[in-house]
Amino acid sequence: ADAEFADIIDLQPGSQYPSGLSRDPRQWTRAAVRDKIAWIRQCAGARFDSISLGVPFYMFHPATNREVGADEVREQLGAAYRAHGHEDGFPLTVEEVLGSPYLLIGSEDDMVQHVLALRRELGLTNFLIMGKFLAGLKPVVDRVRAHVE
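On a predicted model such as this, the values are computed, not experimentally measured, just so you know.

(A) Just the sheet that holds strand S5 (residues 124–129), in detail. Spatially, the 3 strands line up as an open sheet ordered S1-S2-S5, and their pairing is parallel. Looking along the sheet, the strands with just one partner apiece sit at the ends: strand S1 (8–10) and S5. On average, each strand axis in the sheet is inclined to that of its neighbour by 30 degrees, with strand direction left out of account. One ladder, built from 3 bridges, connects S1 with strand S2 (residues 52–57); its direction is parallel. Across the sheet, Asp 10 pairs through a bridge with Gly 54, a residue of S2.

(B) Quick peek at the packing of helix H4 (residues 108–122) against helix H5 (residues 134–148). Contact geometry for H4 and H5: axes closest at 9 Å, N-to-C directions at 45 degrees. Taken together, the axes of H4 and H5 lie oblique to each other. For the pair H4 and H5, the crossing hand works out as right-handed. The segment H4 lies against H5, with Glu 108, Asp 109, Met 111, Val 112, Val 115, Leu 116 and Arg 119 engaging Leu 137, Pro 139, Val 140, Arg 143, Val 144, His 147 and Val 148. Of the residues in the contact of H4 with H5, the class split is 9 nonpolar, 1 polar and 4 charged.

Conventions used here
- Residues numbered from 1 in each chain as written.
- Predicted model: local features only at pLDDT ≥ 70, side-chain atom pairs only at ≥ 80, totals over all residues.
- Heavy atoms only, no water.
- Pairing = 2+ DSSP bridges.
- Helix = DSSP H or I, 4+ residues; strand = E, 2+ residues; numbered from the N terminus.
- Axes fitted to C-alpha atoms, helices over the stretch in contact; angles between N-to-C directions.
- Parallel < 35°, antiparallel > 145°, perpendicular 65-115°, else oblique.
- Left-handed = near helix turned anticlockwise from the far one by under 90°.
- Contact = heavy atoms within 4.5 Å.
- Nonpolar A, V, L, I, M, F, W, Y, C, P; charged D, E, K, R; others polar.

Next comes the structure, spelled out in structure tokens:
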């Protein structure tokens, strides 16, 4: 397993359609990421504390109201999942969407708090940012860096 040798492991939502969506929408949840981290911990043994864990941010969705933003993300992902034959679309709750390590939703403050919580609660230290999100996320990145340096 990678955990026996790797120094950096980026966690992804799992087996994917050609579009990049995970075949199982539940893979977007914080619980699924926790399960993956537990598996890595088991495989890595004593090496676990020397491994840097990270996730990509697949969506950057500014919103003045987090719950409204989460509903908008659910609609966007729901449409994509329905296109792949998932009749129930993206069946995560608003809370699961807001807790997803792969999604940044809300105000700048909300996003900073989310990233800090992912660091604190899951031990994630690496966050991959897609090029199209770089400009919008720069203030968030700067504030997170100020908290952790």
